[in-house]
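Notes for the structure review
What follows is each chain in one-letter form.
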Amino acid sequence: MAAISIIVPVYNTAIYLEECLTSICAQTFSDMEIICVNDGSTDRSADIIARFATSDRRIKVIHKENTGYGHSMNIGMEAAVGDYIGIVESDDWIPKEMMQTLYEAAEMYQVDFVKADFCRFVRQADGKVRERHEVLSGDRFHYNRAFRPLEEIESFRFSINIWSGIYRRDFIRKNDIRFHESPGASFQDNGFWFQTFALADRAVFLNKPLYRNRRDNPLSSVYCSEKVYAACGEYDYIRRWIDSLPGDQRRLKYLCAEGRIRNYFHTIDRIDEKYQEEFYVRFREDYLKLRKAGEIAETFLPAEWRERTVKIIEDPLETCRRERQERSRYQRVIGGFQDIIIYGAGAYGRKAYATLNRIGVANRVAYFAVTNLKGNPASLFGIPVAEFSSLSKEFCQKALVIAAAKKDVRAQIARNIDALGYQHYTDSDIFFEQ
């Protein structure tokens, strides 16, 4: 027996796998088993796993044909013997105190699962690692206390992930919580996440960033434009699961619909242009079906969702055309820049960041820059705020600087940018248009 079973699903991640397994084996908490499920990798992943297994007896290896992420996770959970189950993606890594912190919290609060904040990271052009602290909730009220998620439905709007915590194995097995065994690796975490939140009697969230989630893997499913309808299939799976439950599950149907809409918007903003028109039409069709079935709590949806949805329902193709033009304008400015500095930490800076986030490139923002730190926050959205003159000169040739301020001060910002040798910047109004 082990206190924690860590499942590591692996498919062609040899370039990152050694860092991942090293971080797991180095945990201060040693009472673990590490289950590597190799989903038919065709690169060096199997060799790397074998090498680690030779030097650490806690590692168990399961080789299988390529059947997809969901099946790999189900196989791993079936093999687990630990009191708790943890998940580490094979292109991510974890700090050495993560499992000990989660285990002690789970035992102290006696919960079905415990989750913590996390950091997303990318490797910058200068080789440095940039981390951004991602909070599960913007309200400290939701942290460091046990509660039932279904009684505090705001928790269903937290950042969706399955790997920043551990789950009591008896809770998983008693409720037959499983992953959707759809092909490939896209959105299968949503079903598992939804089931755990819907069924847990006690959960606790920790306001300490533990897990490190990579955002510079070009093969990550979040960057795959071809997996257009993966979110649709996953939320169909969740909806069928809700139907299998006894009693009136109207609240879960509302929450499932809200999750579907959120992921449909995410899909719209990431897929290739050749699929966009048909997906806007699909959005309209599915939304109207949910409305007819009485499964959308429309007054509780975010205002920006409602405004955008009205446009899609009225004319999906025209909305697609208009939003495509808007994204193209932004992309022409952003181009291929890996690193972005937003010069301005006020309302304009926040709006520029919101725009970058909506088009899926917020992970490129390295800093919010200001002329003087006095009166400014230390960070925004988990990104450091720094005096522009103090930033590394290594950025000068490669980073894009966005002058995010009122028109009357952008000229001075442009002079500051030019004086420090930055060659790529814009004071374009496109980030500030209504």
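Structure: see above.
These notes cover the structure that comes with them. By convention here, each chain's residues receive numbers from 1 onward along its written sequence. Residues qualify for local features only when their pLDDT is at least 70, as the model is predicted, and side-chain atom pairs are given and counted only at 80 or more; totals for whole chains, interfaces and linings, by contrast, use all residues. Computation of side-chain values: all heavy atoms of the structure, hydrogens and water removed.

Take empty space enclosed by the protein next. Summary: where empty space remains is shown by rolling a probe the size of a single water molecule over the atoms. A pocket here means an open set of points on a 1 Å grid, computed over the protein atoms alone, that has protein on both sides within 12 Å along at least five of seven lines. A cavity is instead a set of points where a 1.4 Å probe fits but cannot get out; residues with an atom within 4 Å of a point line either one. Grid points are joined across faces, edges and corners, and a volume is the space filled by probe spheres set on the points. For the structure on display, the rule yields one cavity of 30 Å³ or more. Of the volumes computed, that of the largest cavity is approximately 80 Å³. Around the largest cavity, the lining residues are R120, F121, V122, R130, E131, R132, R215, N363, V365 and I383. At the level of elements, β5 (113–123) and β6 (129–134) are the ones that each hand at least two residues to the lining of the largest cavity. The numbering of helices and of strands both runs from the N terminus, where a helix is a DSSP run of H or I of at least 4 residues and a strand a run of E of at least 2.

Let's shift gears to the environment of V409. You can see V409 is positioned in helix α13 (residues 407–419). Only protein chains enter the accessibility calculation, which uses a 1.4 Å probe; a residue is then buried when its area is under 20% of its type maximum, exposed when over 50%, and partly exposed in between. Accessibility expressed as a relative area gives 37% for V409, which makes it partly exposed. In the structure, V409 is positioned 103 residues away from R306 in sequence and 34 Å away in space, judged by C-alpha atoms.

Here we come to helix α12 (residues 347–358). End to end, α12 covers 16 Å across twelve residues, agreeing with the expected 16 Å (1.5 Å per residue, within 8%). Within α12, the full set of buried residues consists of G349, A352, Y353, T355 and L356. One side of α12 holds all its buried residues, which, seen down the axis, span an arc of 160 degrees. The inward-facing, buried residues of α12 contact β6, α11 (316–334), β9 (340–343), β10 (365–370), β12 (383–387) and β13 (400–403). Just downstream of α12 lies G360, where phi reads positive at about 85 degrees. To estimate the expected span of a helix, subtract one from its residue number and multiply by 1.5 Å. The arc refers to the directions leading from the helix axis to the C-beta atoms. Any two residues whose heavy atoms approach within 4.5 Å at even a single point are treated as in contact.

So, on to unusual backbone geometry. In terms of backbone geometry, most residues other than glycine have negative phi values and most peptide bonds are trans. Even without a glycine there, the phi angle at N144 is positive, about 60 degrees. Mapped onto the secondary structure, N144 falls in the loop between β6 and β7 (165–168). For N144, a relative accessible area of 36% translates into the label partly exposed. Residues other than glycine seldom take positive phi values, yet D176 does so here, at roughly 50 degrees. Its location among the elements puts D176 in the loop between α5 (169–174) and α6 (188–199).

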